[in-house]
Amino acid sequence: MDLKDWIATDLDNTLFHRSWGGEDAVVATWHPAAEGEDRVPSSWIRGSTHRLMEALGRSFALVPVTARDMDSFSRVSVSGLHLGGPAVVANGALILGTDGTPDASWEKRMTDLLSPWEAELNGLCEWLIARSTGRARPRLVTGPGNLPAYLVAKAEDGWWNSTEGKAVLGGRDWAGCKVAVLGTELQVLPPGVGKHEAVTEVRDRFFGGRPPLMCMGDMPQDLQFMCLGGLMAMPVGSVLERSLT
Ligand SMILES: [Mg+2]
């Protein structure tokens, strides 16, 4: 089979949903389980979407493009779909090769890029913890070499667009980072870290420069990498679709 053609797809809220997707839904991710305990699903892929992706996966390589870190990506397991690599994880701070382990040359490049940002990201996280007074839950997502790759802060639905949330966002200089509110979540990415940059590398390194046949995503921030491919797909009702229509 020729797997030279490929599909790049975001996972959460593009393929995976936190609500149960009906009788024929397939488990996508699992909660971390303590030793001796049964695993409990944390998200599902709808039956019809699963059949589509399974059919596509027989002809094309499926490349996940996700903000999940290694730990949370390791809890992705969808029956019948090969999503283990190549893959873009931690918003592009890590690329997994075909064997599912971090690609060494990308790791080196990102370690060099992120080292000078370590103190700044720690400072931004501490500031956000103090400033959001419990309304947001800021944490650093780990990338290569145990360095922080980016900052994420979840809040209640709508809080980042409230007067209080907006005051926090406007309350400091973000040092040239890409700052985006994705639904309930704030993401702060150092320049050079991103899905677009990593998908470009995957194209050149693993697919001989051939662009993805199709890219899938659900957020306006996915659009840049989605433009690398020939076709785009997004869920109807997603933030991305609503931002375009
Ligand atoms: Mg998503």
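Before reading further, recall that the structure is shown in the block above.
Residues numbered from 1 in each chain as written. Predicted model: local features only at pLDDT ≥ 70, side-chain atom pairs only at ≥ 80, totals over all residues. Heavy atoms only, no water.

Asker: Please explain the packing of helix α3 (residues 104-114) against helix α6 (residues 195-206) as it appears in this structure.
Answerer: For any two helices packed against each other, the geometry is given by the interaxial angle and the distance between the axes. Where α3 meets α6, the closest approach of the two axes is 12 Å, and the angle between their N-to-C directions is 150°. Here α6 runs roughly antiparallel to α3, going by the angle between their axes. The interaxial crossing formed by α3 with α6 has right-handed handedness. Two secondary-structure elements touch here, α3 through S105, W106 and R109 and α6 through E197, A198, E201 and R205. Grouping the amino acids of the contact of α3 with α6 by side-chain chemistry returns two nonpolar, one polar and four charged. (Axes fitted to C-alpha atoms, helices over the stretch in contact; angles between N-to-C directions. Helix = DSSP H or I, 4+ residues; strand = E, 2+ residues; numbered from the N terminus. Parallel < 35°, antiparallel > 145°, perpendicular 65-115°, else oblique. Left-handed = near helix turned anticlockwise from the far one by under 90°. Contact = heavy atoms within 4.5 Å. Nonpolar A, V, L, I, M, F, W, Y, C, P; charged D, E, K, R; others polar.)

Asker: How should the coordination of the magnesium ion be read in this particular structure?
Answerer: The textbook angles at a metal center are 109.5 degrees for a tetrahedron of four donors and 90 or 180 degrees for an octahedron of six. Coordination sphere of the magnesium ion, protein contribution only: D10 (OD), D12 (O) and D218 (OD), at 2.1 to 2.2 Å. Between consecutive donor residues of the magnesium ion, the sequence gaps follow D-x1-D-x205-D. The class for D10 is buried, based on a relative accessible area of 5%. Given the relative accessible area of 25%, D12 is considered partly exposed. (Donors = N, O, S within 2.8 Å, 3.2 Å for Na, K, Ca; no water. Buried < 20%, exposed > 50% of the residue type's maximum accessible area, 1.4 Å probe, protein only.)

Asker: Teacher, can you tell me more about the packing of aromatic side chains here?
Answerer: Given two aromatic rings, one states the distance between the centres and the angle between the planes to describe the pair. All chains considered together, the criterion is met by three aromatic pairs. Aromatic side chains W6 and F207 sit 4.5 Å apart centroid to centroid with 5° between the ring planes, which places their arrangement in the stacked category. With a gap of 201 residues between them, W6 in strand β1 (residues 6-9) and F207 in the loop between α6 and β12 (214-216) connect regions that are remote in the sequence. The pair formed by W6 and F207 is uniform in burial state, with each residue classed as buried. Ring plane angle 85° and centroid distance 5.8 Å describe the contact between W127 and W174, whose orientation is recorded as edge-to-face. (Phe/Tyr/Trp six-rings, centres within 6.5 Å; stacked < 30°, edge-to-face > 60°.)

Asker: Would you explain the sheet that holds β12 in this entry?
Answerer: Strand-to-strand pairing in sheets goes through backbone hydrogen bonds, with the strands running parallel or antiparallel. On the basis of which strands lie adjacent, the open sheet formed by four strands has the order β5-β1-β12-β13 and parallel pairing. Looking at the sheet topology across the chains shown, the edges are occupied by β5 (61-64) and β13 (231-233). Averaged over all pairs of adjacent strands, the angle between their axes in this sheet comes to 20°, without regard to strand direction. When β1 meets β12, the two strands line up parallel, connected through three bridges. Its bridge partner being in β12, T9 is matched across the sheet by M216. Sitting on the sheet, helix α1 (residues 47-59) is in contact with β1, β5 and β12, with an inclination near 120° to β5. (Pairing = 2+ DSSP bridges.)

Asker: What am I meant to see in the environment of E120 here?
Answerer: Its place among the elements puts E120 in helix α4 (residues 118-131). Put simply, E120 and W174 are 54 residues apart on the chain and 9.3 Å apart in space, counted from C-alpha to C-alpha. E120 has contacts with R172 and A175, leaving out every residue within four places of it along the chain.

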